[in-house]
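Letter by letter, the chains look like this.
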Amino acid sequence: MADKKADIIIVGTGASGLFCALNLPKDKDILMISKDDLDRSDSFLAQGGICMLKSDDDYESYFEDTMRAGHYENNKDSVRIMIKSSQKVIEELINIGVDFEREDGKLKFTREAAHSKPRILFHEDLTGKEITSKLLAEAMKRDNITIIAHTTMVDIIEEKNVCEGIVIRDNKGNIEKWYANYVVLACGGIGGLYEHSTNYSHLTGDALAIALKHNIALKDIDYIQIHPTTLYSTKRGRRFLISESVRGEGAILYNANMERFVDELLPRDLLTKEIKKQMKKDNTKFVWLSVKELGSDNIKKRFPNIYKKCLEEGYDITKECIPVTPAQHYFMGGIKVNTNSKTSMNRLYASGETSCNGVHGANRLASNSLLEAMVFAKRAAKEIIDTYDELKVVDKDIDLEYYKDAERLEEEYRELVLEEIEKVHKKRENKKKAM
Ligand SMILES: Cc1cc2nc3c(=O)[nH]c(=O)nc-3n(C[C@H](O)[C@H](O)[C@H](O)COP(=O)(O)OP(=O)(O)OC[C@H]3O[C@@H](n4cnc5c(N)ncnc54)[C@H](O)[C@@H]3O)c2cc1C
C-alpha cells in the first residue's frame, strides 16, 4: 500500500498549474506543490499582457504573426487551438475577477513587437500578477485543492512507462513518496540555469532532467528565447525586463552615439541579433532605450512598475534613457506533448513553459505564453477527466537517501539538462550545414 496518495498531483503553481487545477472537478483530491513561495513563479512576472483573438477578422493575421515569429516551425494544430480557445480562457479569467484595462467599458488592446495589430489585453504592466494572484486565490478557496509551498519534486515514480507519482523534498529536508492517478508537470522554464535571465533562479528545468532520466520524449530543447531588452545591471540575480509593449507604444533604441539603429518592432530573436551586433560594434555591454517619447503621465499610468523599478535603479525613464541588454527569457522547447498536453509516459501530462506542443516553433511571439500555458493546461484537465481511472499502486522500494543531498542533486540535474541542450544544438547545426 502507498503511504500518501492524491487523485492528481500538479507540480508548479504558476498560471498553468493553477488553471489546470481549477479546471478539474471538485470531487478530485488535488495536491499542488511549489518549489518556492507561491507568488514566486514567472507567471507573476509577466508584464506586457495576454493575447486574445479580438474578432474572427483577426484570425488569419494572428495565426500568421505567430507562425512568422516562430520561423514557420510551429505546430499548426497547436497554433489554431490556442487562438480559437483564447476568448473562452479570457472569459473564464474575467469570471474569476481578473481586471483587464478597459475603455468605455470595452476591453482595451495594446500591441507588442511582431504583432501586426493590437490584440493584447493588459493590466497596467503587471498583467501576470493580476491573473496569477486571482487564480491562486480561487484555488485556495477550493476544499479539494491542497497547495504546499517550498516543496520540491526531486523525481517521479515510474513503472514500465506509467507515472505513479512523485518523490518530494519538503522544506525540512524530508523525502517522501506521493502516489497519484495522474501527474501534471507545470514547472515553468529554465532561466535558473543561466547567469543572465529574467526568470526566477529556482526555475532550473528539474522536470526536464527528470524526463531525461526516465526516457520521456523532449522536443526542441535548444530553442531558447533571449529577450532583447532587459535593464543592464552588474548586480547578481534576475534581470529586470523592459516589456515589449514599451517599444510597441513607441520607445526608441539608440547606439552609443545616440543614433537610432534598428526597427524596434522586429521579432525578439532578430532584434536580439541586431542589438548584439551593435554592442559588438560599439564595444559596449548595452544599448540605450528611450521611453521619454511616451510622455511622463502616460509612462506613470501605463508602466508604473517599470517606472518605479528603474527609479530604484537610479534612472528616471520620464527624463532619461536606460541601458538595456539581451538576457535569457523563455524556453520554447520542453517535454514533448500532444495537443492535449500528454507526454510520452502514461498518466503523465506537462503544460506551460515546461512542455513543448510546438505552438511557438523556433521563437515565441510576445504575449502568447500565458495564453498557451492556460489553454493547454485546461486541455490536460479535460483529457484526464475524460479518461479517468484509478491506478492500483503497490508501494515501491525507492532509495530515498539518494535525494537527501539537495546541492549535489541540483548540480547533477543542471548538468544533465545543459549537456542535452548542447547536444541537441550541435546536432541541429550539423544538420543545417549538411543541407
Ligand atoms: C519577466 C517576465 C515577463 C514576462 N512577460 C510575459 C507577458 O507579458 N506575456 C506572456 O504571455 N508571457 C510573459 N512571460 C512568460 C510567462 O510569464 C511564462 O512563460 C508563464 O508564466 C509560464 O507559466 P508556467 O505556469 O508554465 O510556469 P511558472 O509560472 O514559471 O511556474 C512554475 C512553477 O513550477 C514550480 N516548480 C519548478 N520546479 C519545481 C520542482 N522541481 N518542484 C516543485 N515545483 C517546481 C515553481 O516553483 C513555480 O511554482 C514573461 C516571463 C518573464 C520572466
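Residues numbered from 1 in each chain as written. Predicted model: local features only at pLDDT ≥ 70, side-chain atom pairs only at ≥ 80, totals over all residues.

Would you explain the overall build of the protein in this entry?
Helices and strands together make up the secondary structure of the protein, namely eleven helices and 18 strands. Relative to its length of 435 residues, the protein is compact, with a C-alpha radius of gyration of 21 Å against a globular reference of 22 Å. Summarising its shape, the C-alpha atoms of the protein cover approximately 70 × 50 × 45 Å along the three principal directions. Split into buried and exposed, the 435 residues of the protein put 50% on the buried side. (Helix = DSSP H or I, 4+ residues; strand = E, 2+ residues; numbered from the N terminus. Rg over C-alpha atoms; globule rule 2.2 N^0.38 Å. Buried ≥ 20, exposed ≤ 12 C-beta atoms within 10 Å, placed from the backbone.)

Sorry if this is basic, but what is going on with the site of the ligand here?
The local shell around the ligand holds 42 residues, among which Gly12, Gly14, Gly48, Gly188 and Gly352 are the closest. For the shell around the ligand, the elements supplying multiple residues, two or more each, are helix 1 (15-22), helix 4 (127-141), strand 8 (152-159) and helix 10 (369-386). Here the shell around the ligand is composed, by residue class, of 14 nonpolar, 23 polar and five charged. (Near = placed C-beta within 6 Å. Nonpolar A, V, L, I, M, F, W, Y, C, P; charged D, E, K, R; others polar.)

Is there a simple way to explain the environment of Leu371 in this structure?
Relative to the helices and strands, Leu371 resides in helix 10. The buried category is assigned to Leu371, around which 24 C-beta atoms lie within 10 Å. Those residues in contact with Leu371 that sit more than four places away from it in its chain are Ile50, Cys51, Met82, Ser86 and Val89. (Contact = placed C-beta atoms within 7 Å.)

Would you mind showing me how to read the environment of Ser296 here?
Among the secondary structure elements, Ser296 is positioned in helix 8 (residues 296-302). Overall, Ser296 belongs to the partly exposed group, with 13 C-beta atoms counted inside 10 Å. Residues Ser296 and Asp316, 20 residues apart in the sequence, show an inter-C-alpha distance of 9.9 Å.

Looking at this structure, how should I read the pairing of strand 2 (residues 30-33)?
Successive side chains on a regular strand alternate, one facing one side of the sheet and the next facing the other. Residues Ile30 and Met32 point to one face of strand 2 and Leu31 and Ile33 to the other, with burial holding for every one of them. Summarising the sheet, strand 1 (residues 5-11) and strand 2 pair through four bridges and their orientation is parallel. Each bridged residue has a counterpart across the sheet, and for Ile9 the counterpart in strand 2 is Leu31. Handedness of the strand 1-helix 1-strand 2 crossover: right-handed. Here four bridges tie strand 2 to strand 7 (residues 145-148), and the two strands are oriented parallel to one another. Opposite Leu31, over in strand 7, you have Thr146 as the bridge partner. (Pairing = 2+ DSSP bridges. Right-handed = clockwise from strand over helix to strand, strands pointing away.)

Where do I start with the packing of helix 1 against helix 4 in this structure?
The relative placement of two packed helices is expressed as an angle between their axes plus a distance between the axes. Between helix 1 and helix 4, the least distance of the axes is 9 Å, while the angle of their chain directions is 40°. The way helix 1 lies across helix 4 gives a crossing that is left-handed. Judged by residue contacts, Ala15, Leu18, Phe19, Ala21 and Leu22 of helix 1 engage Ile131, Thr132, Leu135, Leu136, Glu138 and Ala139 from helix 4. Taken together, the residues of the contact of helix 1 with helix 4 break down into nine nonpolar, one polar and one charged. (Axes fitted to C-alpha atoms, helices over the stretch in contact; angles between N-to-C directions. Left-handed = near helix turned anticlockwise from the far one by under 90°.)

Is there a simple way to think about the pairing of strand 14 (residues 287-290) in this case?
Burial along strand 14 is one-sided: the residues Val287 and Leu289 are buried and none of Trp288 and Ser290 is. Here strand 13 (residues 252-254) pairs with strand 14 via three bridges, running antiparallel. Each bridged residue has a counterpart across the sheet, and for Tyr254 the counterpart in strand 14 is Trp288. Judged from the three bridges that link them, strand 14 and strand 15 (residues 322-331) form a sheet pairing that is antiparallel.

What is the right way to read helix 5 (residues 206-213) from this model?
Helical geometry: 3.6 residues make up each α-helical turn, so side chains three or four residues apart lie on a common side. Within helix 5, six of the eight residues are buried, which leaves it mostly tucked inside the rest of the structure. Within helix 5 the residues assigned to the buried category are Asp206, Ala207, Leu208, Ala209, Ile210 and Ala211.

What am I meant to see in the environment of Asn161 here?
Note that Asn161 resides in the loop between strand 8 and strand 9 (162-169). It is 23 Å that separates the C-alpha atoms of Asn161 and Gly188, two residues lying 27 residues apart in sequence. Ignoring any residue separated from it by four or fewer positions in sequence, one finds Asn161 in contact with Met345 and Asn346.

What am I meant to see in the domain arrangement of the protein here?
Where interface size is quoted, it is often the accessible area lost as the parts come together. Taken domain by domain, the protein holds domain 1 (5-223 + 332-427) and domain 2 (227-328). Distance from the C-alpha centre of domain 1 to the C-alpha centre of domain 2: 28 Å. Each partner contributes to the interface: domain 1 provides 23 residues, whereas domain 2 provides 23 residues. Along the lines of polarity and charge, the residues of the side of domain 1 that touches domain 2 split into eight nonpolar, eleven polar and four charged. (Domains from an automatic or database assignment.)

I keep staring at helix 2 (residues 59-69) and nothing clicks. Help me out?
Every buried residue of helix 2 is listed here: Tyr62, Asp65, Thr66 and Ala69. Burial along helix 2 is one-sided: seen end-on, the buried residues are contained in an arc of 95°. In this structure, the buried residues of helix 2 make contact with helix 3 (76-95). Phi turns positive one or two residues past the end of helix 2, at His71, with a value near 60°. (Arc of directions from axis to C-beta.)

How should I be thinking about the sheet that holds strand 12 (residues 224-231) in this particular structure?
Across a sheet, strands are paired by hydrogen bonds formed along the backbone, either parallel or antiparallel in direction. The sheet built from four strands is open, its strands ordered 12-15-14-13 with antiparallel pairing. The open sheet has two edge strands with one neighbour each: strand 12 and strand 13. Across the sheet, the mean angle from the axis of one strand to that of its neighbour is 45°, orientation sign disregarded.

I'm lost on the sheet that holds strand 11 (residues 218-219) in this one. Help?
Sheet architecture is open: three strands sit in the order 11-16-18, paired in mixed fashion. Each edge of the open sheet is held by one strand with a lone partner, namely strand 11 and strand 18 (355-356). Contacts from helix 5 reach strand 11 and strand 16 (334-336) within the one sheet, and its direction differs from that of strand 16 by about 45°.

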